[in-house]
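One-letter residues, chain by chain:
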Amino acid sequence: MTPWLAPVTISLLFAAVAHGATPTPERQVELRYLLTQDCGSCHGLTLKGGLGPALTPPALAGKPPEFLQMTILHGRPGTAMPPWRGLLSEDDSRWLADRLLAGETQP
Amino acid sequence: MTAPNQPTTGADCDQVPMRAEWGTVLICSALVLFLLFAVVSKAEAGTLGSGDLALVIERANGSVQIVETTGNSALTRVEGLGDLSHASAVFSRDQRYAFVFGRDGGLSKVDMLEGRLVARVMQSGNSIGGAISQDGRLVAVSNYEPGGVKVFRSDDLSLVADIPALYGAGQHSKVIGLVDAPGHRFVFSLWDAGEIWIADFSAGDQPVISKFEDIGRNPYDALITPDGRHYIAGLFGEDGLAMLDLWHPENGVRRILPHYGRGEEKLPVYKMPHLEGWAVAGNLAFVPAVGRHEVLVIDMLTWQEAGRIAVKGQPVFVMGRPDGRQVWVNFAVPDNDTVQVIDAENLKIVNTLQPGKGVLHMEFEPRGEEVWVSVRDQDELHVYDTASFERRATLPAQKPSGIFMTARASRIGL
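In this text the structure is predicted, and so the values were computed from the model without any measurement. (Residues numbered from 1 in each chain as written. Chains lettered and ligands numbered in written order. Predicted model: local features only at pLDDT ≥ 70, side-chain atom pairs only at ≥ 80, totals over all residues.)

Participant: Which parts of the structure should I look at to understand the overall build of chain A?
Facilitator: Secondary structure assignment for chain A yields five helices and zero strands. For chain A, the N- to C-terminal ordering of α and β elements is α-α-α-α-α. Taking all 107 residues of chain A together, 27% fall into the buried category. Put simply, 51% of the contacts in chain A that link residues at least 6 apart link residues at least 24 apart. (Helix = DSSP H or I, 4+ residues; strand = E, 2+ residues; numbered from the N terminus. Buried ≥ 20, exposed ≤ 12 C-beta atoms within 10 Å, placed from the backbone. Contact = placed C-beta atoms within 7 Å.)

Participant: What is the right way to look at the confidence of the model for chain A in this model?
Facilitator: When pLDDT drops low, the exact placement of atoms in the prediction is not to be read closely. Residues and elements named next belong to chain A. When the pLDDT values of chain A are averaged, the result is 84; 82% of them are 70 or greater. When the elements of chain A are averaged for pLDDT, helix 1 (residues 5–19) gives the smallest value, 44, and helix 4 (residues 65–74) the largest, 97. Low pLDDT, under 50, characterises residues 1–18; the stretch is placed with two contacts to residues that sit more than four places away or in other chains. (pLDDT = per-residue confidence, 0-100.)

Participant: Teacher, can you tell me more about the environment of Ser189 of chain B here?
Facilitator: All names here are of chain B. Along the chain, the position of Ser189 falls in strand 15 (residues 185–190). Considered as a pair, Ser189 and Ser133 are 56 residues apart in the sequence and their alpha carbons are 17 Å apart. Residues contacting Ser189, with those up to four places away along its chain left out, are Ile176, Gly177, Glu195, Ile196, Pro219, Ala222 and Ala233.

Participant: Even after reading the chapter, I still don't get the interface of chain B and chain A, so can you show me in this structure?
Facilitator: One frequent convention defines the size of an interface as the accessible area lost when the parts assemble. Listed by partner, the interface residues are 19 residues for chain B and 17 residues for chain A. In terms of residue class, the side of chain B that touches chain A is built from nine nonpolar, three polar and seven charged. (Nonpolar A, V, L, I, M, F, W, Y, C, P; charged D, E, K, R; others polar.)

Participant: Would you mind going over the nonpolar core with me for this structure?
Facilitator: What tends to happen in soluble globular proteins is that the nonpolar side chains get buried as a cluster. Counting 122 residues, the largest nonpolar core has Leu55, Ala98, Ile196, Ala279, Phe286 and Val295 of chain B as its most contacted members. Setting aside residues up to four positions removed in sequence, Ala279 of chain B forms contacts with Leu223, Ala285, Phe286, Val287, Val318, Met319 and Gly320 of chain B. Judged by nonpolar contacts, the second largest core, of twelve residues, contains Leu31, Leu55, Leu68 and Leu100 of chain A. (Core = buried A, V, L, I, M, F, W, Y, C linked by C-beta atoms within 7 Å.)

Participant: Help me out: how do you make sense of the pairing of strand 2 (residues 63–68) of chain B in this one?
Facilitator: Consecutive residues of a regular strand have side chains that alternate between opposite faces of the sheet. Residue and element names in this part refer to chain B. Sheet analysis places strand 1 (residues 53–58) next to strand 2, joined by six bridges and oriented antiparallel. Bridged to Leu55 within strand 2 is Ile66. Hairpin remark: strand 1 followed by strand 2, antiparallel, with four residues in the connecting loop; positive phi at Gly62, about 65 degrees. Judged from the five bridges that link them, strand 2 and strand 3 (residues 73–78) form a sheet pairing that is antiparallel. The partner of Val64 across the bridge, within strand 3, is Val78. (Pairing = 2+ DSSP bridges.)

Participant: Looking at this structure, I do not really get the sheet that holds strand 23 (residues 284–288) of chain B. What am I missing?
Facilitator: Strands in a sheet are paired, the pairing made by backbone hydrogen bonds, and the direction either parallel or antiparallel. All names here are of chain B. The strand order 22-23-24-25 describes an open sheet built from four strands, whose pairing is antiparallel. Of all strands in the sheet, those with a lone pairing partner are strand 22 (280–281) and strand 25 (304–310), marking the two edges. Where strand 24 (residues 294–299) meets strand 25, six bridges bridge the pair, whose relative direction is antiparallel. If you follow Ile298 over to strand 25, its bridge partner there is Glu305.

Participant: Is there a simple way to explain the pairing of strand 10 (residues 147–153) of chain B in this structure?
Facilitator: Residue and element names in this part refer to chain B. Summarising burial for strand 10: six of the seven residues are buried, a large majority. In this structure, strand 9 (residues 138–145) lies alongside strand 10, joined through seven bridges in antiparallel fashion. The residue of strand 10 that forms the bridge with Ala140 is Val151. In textbook terms, the turn of a hairpin is the stretch between consecutive antiparallel strands, and for strand 10 and strand 11 (residues 159–164) this stretch comprises five residues, one of which, Leu157, has a positive phi near 60 degrees.

Given below as structure tokens:
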């Protein structure tokens, strides 16, 4: 890499993180499956709640996507919600948060 | 009866206009065939036993499959049971009927021999499991929303008792770990309240409730030992388990293995573990550690830790083979493609199987020579020989989860 390219690459990378990159279509399929099956273990297959609270759009109304993203990544200490950052990236979690708020959760 | 003018009866008679008599004959023949089929079906049902049957939850479609474990084959599918994520089942004492507890609060009664739904009630908004009484007369359901237990007659699913799980300043607690116990009792735990309750139905349909408070934070599930004496609730909110001796409830709840993970950071628990009476082998009970990739071994004579076994991931089900020699373990994501087998004598892992992604449940045949495994992501049921670990059968199933064999009908706590 020529020396002048490095800062450009870094700033491009930074821009991608700041704006959030959309997961690839293949990853989106995996994430939808995870949402239904694994989040569904506690929140219900239809996300109407179980041991964990309901994650339907009315239940999440008024919650900023960043809050949901942080909850997914870092969990909620003192509750059964685990941190998913070992399995999900920032982009994954933001994409999931947006799907939940929009109610676009069917596989 | 009006006969159509155009031929409609297929290739054999495609030039013959259908007349009224012809139509009548056809309808009569169909009726005779139908009746004959019904009689034959009924006769066949009459010759079947139910002792080698199992019910498999197909969690995504609200259906269950009925399978038989002698030839390892599928018999039929029953549909219309609602949301079956996290569903479980218990059986009538004659092993004919299954009572299926669905996530959406539905309680369904399924005829295992005729393969049909015979009764269904929506009894709450959100439920987690259930139990059948010692005499088979009552079926109890534990509910998340509204938190409590409802008890029904097993014959017609009519409501007998409603036990709201109220604590503190009138809050409802989610209820987990509901089991039957000798003496016409149901025992269950309150997730939010950290309590164990006994509902005693020995005096009739009005239960006498005994409450045990401060048993520990967030009991997540419970088991009753196969003899029906000890009720053990696992704790999610702190280390250890809470144990109640049902022969001597006056002695209160005792904490066991109180410090199994002391000073060590917990690993994330991506799926809540389960506790079942199957986890008992001889004098040892095998239970999943919470937030640690270990199976804990408890000596039930002393109630002290007898060992801990490092396993591949967060254990979900820890199931003892009926003879107590092996213990099979499955795991939460991302290790839910794996099953490990522990030798209950030397506490070593003797085999690691990889059935495929989404291993959700395992159930041993009543004498333990084979075990059924549900592999959700592959839409398959696998049957393994527990001596050779070879796969004996593979059956298609739609997103299978729990597998429940009718032999549970005669076991306390299942």
